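Commentary on secondary and tertiary structure
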Amino acid sequence: RGGLIGPNIDTKNDRGIWLETSGSIDIVVREGDPAPGTEPGTVFGSSSAFTQEFQAPIISNNGQLAITGNLTGPSINSTNNKGIWLYNDGSLQRVARTSYHAPGTEPGVLFSQLGAPSMNGLGQIMFPGSLIGPGVDSTNNRGMWATDEHNALILIARMGDIIDINPDPLMEDLRTIAFFGSGQLFMSGGGDGRLLSFNDAGEIAALAGFTDGTHGSIVATIPEPTSILLLATGLGLICRRDH
């Protein structure tokens, strides 16, 4: 991220994101640019001096970027002013936006908040999100989403989902997700030395708590193409009842 000064620069176009590849530094996106996948007149920017136009981008080992940006424009308000975009091979594509329908949920259920994204070397993006809409309450208002190999956004897991935590296919131990561990999704693109929650096999690791008071580590695999697999990893050792 960088700031600009000079001719024709003002507070509406003085911030941007640049990417260096093979010795060349190129602009990826700049405040004031039209935001792909939004209505005409909507641009990247912020109406508040206390809100950054772009959060720090996530970069993968293959040079893709996951960018969280804020929006301004004639139809922008506090419910629809944030989104996530994928930058790949010179192209910027919208992944998700607040006030838009959350895939995998009932009609009318929308994203109310978008968490910081993570990505893998395939350019797939994963992020946690919050929901609002018909049938949404404190028991099912958060989840995890990820893009598949065709950049389609898929619901991976949601509070209120029932999963089998027993890895033995002949034995069933069903539990309902009550919450996801706060701060336990490590947002990275794999090239910055930080811990990963999302690998190139399309597997997402997260902590989850269940309605019976136990909690543990789950691994969610992005479906190919339509099935979802949720496995409890070592639950016999790490799942415990809270006191």
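This next bit is on the packing of aromatic side chains. Per the counting criterion, the structure on display carries five aromatic pairs. Between Phe44 and Phe54, the ring centres sit 5.5 Å apart and the planes meet at 50 degrees, which makes this aromatic pair tilted. Pair noted here: Phe44 is in strand S4 (residues 43-44) and Phe54 is in the loop between S4 and strand S5 (58-59), with a separation of ten residues, a long-range link. Both residues of the pair, Phe44 and Phe54, belong to the buried class. Connected via pairs of aromatic rings, a cluster forms that spans Phe44, Phe54 and Trp85.

Now for the sheet that holds strand S1 (residues 2-3). Pairing within the open sheet is antiparallel, and its three strands lie in the order S1-S2-S3. Edge positions in the sheet fall to S1 and strand S3 (24-30), since each of these pairs with one other strand and no more. Taken together, the two bridges between S1 and strand S2 (residues 15-21) define a ladder with antiparallel strand orientation. By the bridge assignment, Gly3 is partnered in S2 with Arg15.

Once that is clear, we can look at the pairing of strand S13 (residues 153-158). Most of S13 sits inside the fold, with six of its six residues counted as buried. Sheet topology note: the strand S12 (residues 142-147)/S13 ladder contains five bridges and is antiparallel. By the bridge assignment, Gly143 is partnered in S13 with Arg158. Between the end of S12 and the start of S13, which pair antiparallel, lie five residues, with Asn151 showing a positive phi angle near 70 degrees.

A separate point is the pattern of salt bridges. Across all of its chains, the model carries four salt bridges by this definition. The closest approach of N and O atoms between Arg158 and Glu106, which form a salt bridge, is 3.5 Å. Remark: Glu106 occurs in the loop between strand S8 (91-97) and strand S9 (110-114) and Arg158 occurs in strand S13; sequence separation between them is 52 residues. Overall, Glu106 belongs to the partly exposed group, its relative accessible area being 43%. Residues joined in a network through salt bridges with shared partners are Asp173, Arg175 and Asp212.

Next up on the list: the pairing of strand S15 (residues 174-180). Summarising the sheet, strand S14 (residues 162-164) and S15 pair through three bridges and their orientation is antiparallel. Paired with Ile163 across the bridge in S15 is Arg175. Sheet topology places S15 next to strand S16 (residues 203-210); three bridges connect them, and they run antiparallel. Residue Phe180 lies in a different strand from S16, and its bridge partner there is Ala208.

We now examine the confidence of the model for the protein chain. Per-chain confidence: the protein chain averages 87 in pLDDT, with 88% of residues scoring 70 or above. Here residues 232-243 is modelled with pLDDT under 50, and outside its nearest four sequence neighbours on either side it reaches 25 contacts, counting other chains as well.

Let's shift gears to the nonpolar core. Core analysis: the largest hydrophobic core is formed by 21 residues, its most contacted members being Met144, Ile156, Phe180, Leu185, Ile204, Phe210 and Ile218. When contributions to this core are tallied by element, the ones reaching two or more residues are S12, S13, S15, S16 and strand S17 (214-221). Grouped together as the second largest cluster of nonpolar side chains are 18 residues, Met119, Phe127, Val136 and Trp145 included.

Notably, Ser22 is not glycine yet its phi reads approximately 55 degrees, a positive angle. With respect to the helices, strands and loops of the structure, Ser22 is situated in the loop between S2 and S3.

Together, Trp18, Ile25 and Ile27 make up a nonpolar patch on the protein surface, roughly 290 Å² of accessible area in all. Examined against the element boundaries, Ile25 turns out to sit in strand S3.

Cut-offs applied
- Residues numbered from 1 in each chain as written.
- Predicted model: local features only at pLDDT ≥ 70, side-chain atom pairs only at ≥ 80, totals over all residues.
- Heavy atoms only, no water.
- Phe/Tyr/Trp six-rings, centres within 6.5 Å; stacked < 30°, edge-to-face > 60°.
- Helix = DSSP H or I, 4+ residues; strand = E, 2+ residues; numbered from the N terminus.
- Buried < 20%, exposed > 50% of the residue type's maximum accessible area, 1.4 Å probe, protein only.
- Pairing = 2+ DSSP bridges.
- Salt bridge = Lys/Arg side-chain N within 4 Å of Asp/Glu carboxyl O.
- pLDDT = per-residue confidence, 0-100.
- Contact = heavy atoms within 4.5 Å.
- Core = buried A, V, L, I, M, F, W, Y, C linked by side-chain atoms within 4.5 Å.
- Patch = residues over 30% accessible without salt bridge, like charges linked within 9 Å, V, L, I, M, F, W, Y side chains within 5 Å.
- Areas by Shrake-Rupley, 256 points an atom, 1.4 Å probe, with all protein chains shown as cover.

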